[in-house]
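Each chain is listed here by its residues.
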2 protein chains.
Amino acid sequence: MRKILLIGIGPGGPDFMTVQAIDALNRAQVLFLPDKGAEKAELREIREQICRRFIAKPDYRSVTIEIPQRAAATHDYRETVDDWHAQIAARYRRVLIDALPDDGCGAFLVWGDPALYDSTLRILDRLRAEGMDVAYEIIPGISAVQVLTARHGIALNRIGESVTITTGRKLAAMGKVTEDLVVMLDGDETFAKIDAADITIYWGAYLGMADEILIAGKLAEVSAEIQRVRREAREAKGWIMDAYLLRRADDGS
Amino acid sequence: MRKILLIGIGPGGPDFMTVQAIDALNRAQVLFLPDKGAEKAELREIREQICRRFIAKPDYRSVTIEIPQRAAATHDYRETVDDWHAQIAARYRRVLIDALPDDGCGAFLVWGDPALYDSTLRILDRLRAEGMDVAYEIIPGISAVQVLTARHGIALNRIGESVTITTGRKLAAMGKVTEDLVVMLDGDETFAKIDAADITIYWGAYLGMADEILIAGKLAEVSAEIQRVRREAREAKGWIMDAYLLRRADDGS
């Protein structure tokens, strides 16, 4: 049986690597490096830096996997994602069979934490469901959520309170904030479209990287600034990854 | 100004330490080791292992801080916690002033991630609010939530869906599960008191440690087993730390 290590590498660079992630890197015979196109070249470069810095044997083998673009979402988001995953799965299957012996061990370097809004795990589950004899092991990594709160110097939860991690799409459907929310995968600047009364935002882009940007304040006061900074940064670099926490004024509950 | 590093050490042992956490350990002149009593001696021992393994200078200085027991919760949970934090803050203030020069740098080794259900950050905020000249820096650590999902081989969120991190107390107030929930700080086995229909539970105790226990299944079918195993383990070791994910059967939404 082939074994795949899903190694969480953290959100922004080699310093987020854990001891067990470094050990896992060194257990793998082949490192698989998904490539999502030109805008993500910088992210691939960080993955390559991590391999060079932490893999003990100098001649480690890496294989780039070209990831197809996702089609624009139709009315059915899950169906769109499902089609996209099917294409990626077909590519993974070929690459795993070509690059690894039957009992070989490979690794994917996964941005952030493999359990949070990453599709690698689901794609391996799909290959297993299709009958492929592949096992996996997950090595947790620091998520962007954790770097966001660390950099802003705040706790994720208030005392004894809940916090919800969600997407821009879900926030748009909610329309307002009734609990503390961390929002990820929001390319549509949904924070600017919701009722801002009594909401504080803690926003961060390129978290943990050299270009990190942080803005915090009352949403009504900083929303326009975040939009401006976000667009300028995306324009300048060609891509952006950002996340934010929305917190209602403490009502004493 | 005194500077305090809040270093997330992960939930269960040295292998969860990140490169930046190890660097931070070595920047600190003094390591502060909170001690919550006999039942947590094992956790203190893990912190000491981490210091011995990762701190380069052999004569590093550590200071144990005795943490008072929290009073049993009254009708007002936040007030109880607030009183308790006030006591801890007074102790921290004395220890920081005694152990660190005015411009010194100390570190707390925080279980899991300093942003998630940990009070160290809040206590330092309290000291600052009281006028103490102290800065802090947060070094994120792997949280028990992440080890829980990694060990069960599952994603934290479903595709495009939200997930809420909450407490046993909040779950008891909800009474039922309407979204995916991670439950922490649940000494009352609240999972056994809610409507179990269509719920799958992924439970873990001592996550990341040698004694780790994992149980997953339909809540109605494994609830009694988890209660039994949980009580036996707590009896045998004298303490337990556990967490779980509750997931409703996929309704296709």
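In this numbering scheme, every chain counts its residues from 1 along its sequence in written order. All chains are assigned letters beginning with A, and all ligands numbers beginning with 1, in the order in which they are written. Side-chain atom pairs in this predicted model are given and counted only at pLDDT of 80 or more, local residue features only at pLDDT of at least 70, and totals for whole chains, interfaces and linings cover all residues. The basis for every side-chain value is the complete set of non-hydrogen atoms in the structure, without hydrogens or water.

- As annotated in an unreviewed UniProt entry, chain A is Precorrin-6A synthase [deacetylating] from Rhodopseudomonas palustris.
- UniProt positions are given in the numbering used here, feature names are shortened, and annotations may be inferred rather than shown by experiment. Here is the UniProt Pathway (unreviewed entry) comment for chain A, exactly as written: "Cofactor biosynthesis; adenosylcobalamin biosynthesis."
- Entered under Catalytic activity (unreviewed entry) in the UniProt record, the comment concerning chain A runs "precorrin-5 + S-adenosyl-L-methionine + H2O = precorrin-6A + acetate + S-adenosyl-L-homocysteine + 2 H(+)".

**So, the sheet that holds strand S3 (residues 61–66) of chain B**
Residues and elements named next belong to chain B.
Phase 1: The five strands lie next to each other as S3-S2-S4-S1-S5, forming an open sheet whose pairing is parallel. Of all the strands in the sheet, just S3 and strand S5 (134–139) have a single pairing partner and so form its edges. Neighbour to neighbour, the strand axes of the sheet diverge by 25 degrees on average, direction disregarded.
Phase 2: We call two residues in contact whenever any of their non-hydrogen atoms come within 4.5 Å of each other. Axes, fitted as lines to C-alpha atoms, cover a helix only where it is in contact. Angles between the N-to-C directions of the axes lie from 0 to 180 degrees. What counts as a helix is a DSSP run of H or I of at least four residues, what counts as a strand is a run of E of at least two, and both are numbered from the N terminus. Here helix H1 (residues 19–27) sits on the sheet and contacts strand S1 (2–8), strand S2 (30–35), strand S4 (105–110) and S5; the angle it forms with S1, its principal contact strand, is near 145 degrees. Between any two strands, pairing holds if DSSP finds at least two bridges.

**What to know about the domain arrangement of chain A**
Residues and elements named next belong to chain A.
Phase 1: Segmentation of chain A into domains returns domain 1 (2–139) and domain 2 (144–248).
Phase 2: Averaged C-alpha coordinates put domain 1 and domain 2 at centres separated by 27 Å.
Phase 3: Between domain 1 and domain 2, the contact holds 12 residues from the first and 18 residues from the second.
Phase 4: By definition, the buried area sums, over both parts, the 1.4 Å-probe accessible area that each loses when the two are put together. Here domain 1 packs against domain 2, burying approximately 1,200 Å² in sum over the two surfaces, 68% of which is carbon and sulfur.
Phase 5: Contact with domain 2 buries surface across domain 1, with Pro 11, Glu 42 and Tyr 117 losing the most and accounting together for 41% of the total.
Phase 6: Criterion for a salt bridge: a side-chain nitrogen of Lys or Arg within 4 Å of a carboxyl oxygen of Asp or Glu. Remark: the boundary between domain 1 and domain 2 carries one salt bridge.
Phase 7: In this structure, the salt-bridge partner of Lys 237 is Glu 42, at a minimum N-O distance of 2.7 Å.
Phase 8: The biggest single contributor to the side of domain 1 that touches domain 2 is helix H2 (residues 41–54), with three residues. Segment limits for the domains were obtained from an automatic or database-derived domain assignment.

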